[in-house]
Amino acid sequence: MELLEDSRLTAMGLLTEAYTSLNTLCAEHLAAHGLAPVEFEVLLRLARSPARRLRMTDLSRQTSMSTSGVTRMIDRLEREALVCRVPCDIDRRSSYAALTSKGLARLQETVPGHLELIDEWLIGPLTQRQLQGLLVGLRVVRDAVRPEATAGVHDR
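Residues numbered from 1 in each chain as written. Predicted model: local features only at pLDDT ≥ 70, side-chain atom pairs only at ≥ 80, totals over all residues. Heavy atoms only, no water.

Asks: What's the story with the overall build of the protein chain in this structure? I'm lost.
Replies: Broken down by element type, the protein chain carries six helices and three strands. Starting at the N terminus, the α and β elements of the protein chain follow one another as α-α-β-α-α-β-β-α-α. Once the C-alpha set of the protein chain is aligned to its principal axes, its extents read approximately 60 × 30 × 30 Å. A buried classification covers 28% of the 156 residues belonging to the protein chain. (Helix = DSSP H or I, 4+ residues; strand = E, 2+ residues; numbered from the N terminus. Buried < 20%, exposed > 50% of the residue type's maximum accessible area, 1.4 Å probe, protein only.)

Printed below as a string of structure tokens:
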């Protein structure tokens, strides 16, 4: 059937296969450092944000987690002293999730091995031109399906 040979199905299938395989490799590495993939994502987003903090609502939008999901995640990370809550100066209803020095240290011990996996399985097989094309394409798709993915990054 011609419909089943549609290249759009192939594109989505290849993306899913690559993501699932890469995610499995990374999850094993992160678990060895006591982190779930979503916890690593939250810590990394905080580390890469101005003042190493984000409003909880912005963190929710960036990660596609519900606000209650972010609250539970921050509760867990706060119990481990990897993050802390900081009240918002201009809106008392809002608070920031901020990376602590312990959270930064956990990232610094985790990221080198994570980068090795990325180098071996994502970057290594590509030429520089292929990598640049991939990055451009992924940003275009990400911005189309998740325009809020960088919420709060440029608000301050």
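Asks: Whenever I open this one, the packing of aromatic side chains confuses me. Can you help?
Replies: The description of an aromatic ring pair uses the distance of the two centres, along with the angle that the planes make with each other. Across all of its chains, the model carries zero aromatic pairs by this definition. Here the basic side chain of Arg53 rests over the ring of Tyr96, its NZ or CZ set 4.0 Å away from the ring centre. (Phe/Tyr/Trp six-rings, centres within 6.5 Å; stacked < 30°, edge-to-face > 60°. Lys NZ or Arg CZ within 6 Å of the ring centre and 35° of its normal.)

Asks: Which parts of the structure should I look at to understand the nonpolar core?
Replies: Note that soluble globular proteins tend to have their nonpolar side chains buried in a common cluster. Ranked by internal contacts, the top residues of the largest apolar core, which has 19 residues, are Val42, Leu43, Leu46, Leu59, Ile74 and Leu77. Going through the elements one at a time, α2 (37–47), α3 (56–63), α4 (67–79) and β3 (95–99) are the ones with two or more residues in this core. Those residues in contact with Leu59, other than ones at most four positions away along the chain, are Val42, Arg45, Leu54, Val70, Ile74 and Ala97. (Core = buried A, V, L, I, M, F, W, Y, C linked by side-chain atoms within 4.5 Å. Contact = heavy atoms within 4.5 Å.)

Asks: Could you clarify how one ought to interpret the pairing of β3 in this entry?
Replies: Both faces of the sheet carry side chains from a regular strand, because those side chains alternate between them. Summarising burial for β3: four of the five residues are buried, a large majority. Inspection of the sheet shows strand β1 (residues 53–55) paired to β3 by three bridges, in the antiparallel sense. What sits directly across from Arg55, in β3, is Tyr96. Strand direction decides the pairing type here: strand β2 (residues 83–87) and β3, joined by five bridges, are antiparallel. When the sheet's bridge partners are listed, Arg85 is paired in β3 with Ala97. (Pairing = 2+ DSSP bridges.)

Asks: Even after reading the chapter, I still don't get helix α5 (residues 101–123), so can you show me in this structure?
Replies: Along an α-helix, a turn takes 3.6 residues, which lines up residues three or four apart on a common side. Residue Val111 marks the point of greatest curvature in α5, where the axis turns by about 35°; the proline Pro112 follows within four residues. Looking at α5, one finds that the buried residues are Gly103, Arg106, Leu107, Thr110, Gly113, His114 and Leu117. Against α1 (7–32), α2 and β3 lie the buried residues of α5. (Bend = angle between axes of the 7 residues up to and from the residue.)

Asks: I'm lost on the sheet that holds β2 in this one. Help?
Replies: Two orientations exist for strands paired in a sheet by backbone hydrogen bonds: parallel and antiparallel. What the three strands build is an open sheet, ordered β1-β3-β2; its pairing is antiparallel. Each edge of the open sheet is held by one strand with a lone partner, namely β1 and β2. Strand-to-strand twist across the sheet, computed as the mean angle between neighbouring axes with direction ignored, equals 30°. Packed on one face of the sheet, α3 meets β1, β2 and β3 and runs near 90° to β1. On the sheet, α4 packs against β2 and β3 and is oriented at approximately 120° with respect to β2. (Axes fitted to C-alpha atoms, helices over the stretch in contact; angles between N-to-C directions.)

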